[in-house]
Structure formats: structure tokens, C-alpha cells
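A look at the structure
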Amino acid sequence: MGKLTDDEGRVKVFGFRSGKSWKMIIAVLYYALAAFILVTSVINEFRYYKFEPIDVILVIIKYVFIFVFLFSPLIFLSDFKYTYNIPLFRNKERSKSAIGMIIVLGICYMMMQLNIYVGSNLYKSSVKEYTLKNTAQAVAPYEKKMDSDKLKVLLSSLQVAKGYKVEVSTDKEFKAVLIQGNYKKSLITIKSPKLVNQKKLFVRAKSYGTVNKKIIEGDWSDVKEVKIIKSKKKKDQATTEQTTTKKQTKDKTKKDK
């Protein structure tokens, strides 16, 4: 920014350049009021409101534009060296400077309003609803023993989701749904006697959440087949039965001969 005074000792700050008392009094009052508004707004906002990490960044950006808005006369109309490199302000012509100030204030105002909207509940609700509707779940069922009544399923976690709706079926089209339920966590264990001795099982899921007291559901995930493991007893029993059948067949063949 450089020195506050020029070679002749005149103050470069807007409002103090002419050295007239009434202008300097107005400038002091304005800058003091602008500083008071800015400082108290920042303190009150961070003291009384809770923010998510992204909201903190948005609030900081908002106050940068508020600072430029409030102190634009000091930044753009003072006689500091950098102002001579800014279009509309370099020649210090009143008409061009007025147009430049209108543009600066307009941009700051629009950016503040945009920032406020992005941080508002309306914007957050619309983003949350869009996320819920357009994010399909990823489903990863664990292996399951045939004689077990439990099925463990891992779902992709979605931060904005209130819970997950899960369905288990014996066919890919889910015409014969065995189990359906709502779960809060992304790693779930489904327990039901209906799961016992099922040769084929398929799982799908979708997230849901509340937006403005309305339930919003996402799309169903891709259908995933559960890998069924036969229990050791049943395997041994099946092997024994096969061995017995073969033996009986051999004995019968010998008799016939």
C-alpha cells in the first residue's frame, strides 16, 4: 500500500487528502462505524452460530466481500500507488471513479447475496434432496452359511442419509421379497428364520432422508447375489449319501452278474 502521506506530507487516505476538517470528521466517523459493524458482526456470528467446515469457509469469503464493500472508498479512492493500475480509478476522474465504485459495490453485493444463499437452509435442503435422489447405494453382502439365520451386509455410507432401506429376495427381480427393513448404520446384520436353507439370495438397498419434513428416497442399488456356503454337516451328509448310493449300485450290478 505504501506510505499514508505523499512527499509533501499530505495524507493519501480518502477523506483526509484535502485536509478539510469537515471531510476528515465524516471520514473518521464512517471508517469507525464500518469497522464497528464488521467486527461486531464477525464476533456475533461465530459466537452464536455453529458451522460445518464448509460453512466456515463461506462465512470468511462473505466477510471479505463485506470488508471490500464497507471500505471501498478507502481501497479504491485513496491516492495509493496500486490505484493507478486499476481501470476507472487510475486517472482520478470523478465520473469514472463513480462508475468504478458502482461496479465494485454491485459485485460485492451480488457475491454477498450469493454467499448467503449458498449457506442458507434453502440451498442446503435442495443440495441434500438432490444428493439423496441421485446417489445410488453400493451393496456388498458377506458370505452366508446355508443353515444360518443371519446375513451381514455392508452399504456405502451417505452423510446426508437418515437411514437405509434394505430388501432381501430369492430372485433377481425381487418378486419374492423375503425381508425388508430400515437400518440406521451402513454395516448391518439381518437376522430372520426366513434366511435359513435358502439356496439363492439377492440384496439391494437405497438411502433415505428427511428434507423439510418430507421423506426423500434414493434409487435402488445394483442387485447383488449372496454367496451361499453349504454347512459342513450337510456336505458330509451329501457325500455319505452319494457314497452309499454308489456302493448300492455296485452291489446290485454284482448280483445281477
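Rules used in this analysis
- Residues numbered from 1 in each chain as written.
- Predicted model: local features only at pLDDT ≥ 70, side-chain atom pairs only at ≥ 80, totals over all residues.
- Heavy atoms only, no water.
- Phe/Tyr/Trp six-rings, centres within 6.5 Å; stacked < 30°, edge-to-face > 60°.
- Buried < 20%, exposed > 50% of the residue type's maximum accessible area, 1.4 Å probe, protein only.
- Helix = DSSP H or I, 4+ residues; strand = E, 2+ residues; numbered from the N terminus.
- Expected span 1.5 Å × (residues − 1).
- Contact = heavy atoms within 4.5 Å.
- Pairing = 2+ DSSP bridges.
- Axes fitted to C-alpha atoms, helices over the stretch in contact; angles between N-to-C directions.
- Salt bridge = Lys/Arg side-chain N within 4 Å of Asp/Glu carboxyl O.
- Core = buried A, V, L, I, M, F, W, Y, C linked by side-chain atoms within 4.5 Å.
- Patch = residues over 30% accessible without salt bridge, like charges linked within 9 Å, V, L, I, M, F, W, Y side chains within 5 Å.
- Areas by Shrake-Rupley, 256 points an atom, 1.4 Å probe, with all protein chains shown as cover.
- Polar contact = N/O pair within 3.5 Å; in protein donor to acceptor, adjacent residues only side chain to side chain.

In this section: the packing of aromatic side chains. Applying the stated rule across the entire model yields 5 aromatic pairs. Relative to Tyr 31, the ring of Tyr 30 lies with its centre 5.8 Å away and its plane at 70 degrees, an arrangement referred to as edge-to-face. Tyr 31 gets classed as buried once you look at its relative accessible area, which sits at 13%. For the pair Phe 67 and Phe 71, a centre-to-centre distance of 5.0 Å together with 35 degrees between the ring planes defines the contact as tilted. You can call Phe 67 partly exposed: its relative accessible area is 36%.

Next up on the list: helix α4 (residues 94-118). Spanning 25 residues, α4 covers 36 Å between terminal C-alpha atoms, matching the ideal 36 Å at 1.5 Å per step. All buried positions along α4 are accounted for by Ser 97, Gly 100, Met 101, Val 104, Cys 108, Met 112 and Asn 115. Here the buried face of α4 lies against α2 (53-70) and α3 (72-76).

Taking strand neighbours across the sheet as the criterion, the 3 strands line up as β1-β3-β6 in an open arrangement whose pairing is antiparallel. Edge positions in the open sheet fall to β1 (139-141) and β6 (187-191), since each of these has one partner strand only. The mean inter-strand angle of the sheet, taken between neighbouring strand axes irrespective of direction, is 25 degrees. Bridge count for strand β3 (residues 150-155) against β6 is 5 bridges, and the pairing is antiparallel. Bridge pairing links Leu 151 to Ile 190 in β6.

Inspection of the entire model under this criterion finds 6 salt bridges. A salt bridge links Glu 143 to Lys 227, with the nearest nitrogen and oxygen atoms 3.5 Å apart. Here Glu 143 is found in the loop between β1 and β2 (144-145), whereas its partner Lys 227 is found in the loop between β9 (224-225) and β10 (228-229), with 84 residues between them in sequence. The closest approach of N and O atoms between Arg 204 and Glu 167, which form a salt bridge, is 2.9 Å. In this pair, Arg 204 is assigned in strand β7 (residues 202-211) and Glu 167 in strand β4 (residues 163-169), connecting sequence segments 37 residues apart. Taken as a pair, Arg 204 and Glu 167 share a single burial class, namely buried. It is possible to trace a salt-bridge network through shared partners that takes in Lys 165, Lys 206 and Glu 217.

It is worth spelling out the nonpolar core at this point. Grouped together as the largest cluster of nonpolar side chains are 20 residues, with contacts concentrated most on Leu 151, Val 153, Val 168, Ile 190 and Val 203. Of all the secondary-structure elements, those providing two or more residues to this core are β3, β4, β6 and β7. Those residues in contact with Val 153, other than ones at most four positions away along the chain, are Val 139, Ala 140, Pro 141, Tyr 142, Ser 186, Leu 187, Ile 188, Ile 190 and Val 203.

On the surface, Leu 88, Ile 99, Ile 103, Ile 107, Tyr 109, Met 110, Met 111, Leu 114, Tyr 117, Leu 122, Tyr 123 and Val 127 cluster together into a nonpolar patch covering about 1100 Å² of accessible area. When contributions to the nonpolar patch are tallied by element, the ones reaching two or more residues are α4 and α5 (121-134). The dominant element in the nonpolar patch, judged by the number of residues it contributes, is α4, at 8 residues. Tracing the backbone shows Leu 114 in helix α4. Judged by its relative accessible area of 46%, Leu 114 falls in the partly exposed class.

Here we come to the pairing of β7. Counted residue by residue, β7 has 9 buried out of 10 residues, so it is predominantly covered. When β7 meets β9, the two strands line up antiparallel, connected through 2 bridges. Within the sheet, the bridge partner assigned to Val 203 lies in β9 and is Lys 224. Hairpin connection from β7 to strand β8 (residues 214-217): 2 residues lie between these consecutive antiparallel strands, with Asn 212 at a positive phi of about 55 degrees.

Turning to its location among the elements, Gln 180 is positioned in strand β5 (residues 177-183). Given a relative accessible area of 56%, Gln 180 falls into the exposed group. C-alpha separation for the pair Gln 180 and Val 168, spaced 12 residues apart in sequence, amounts to 6.4 Å. Setting aside anything within four residues of it in sequence, one finds Gln 180 in contact with Val 166 and Glu 167. Within the local environment of Gln 180, its side chain forms a polar contact with the side chain of Glu 167, the two groups lying 2.8 Å apart.

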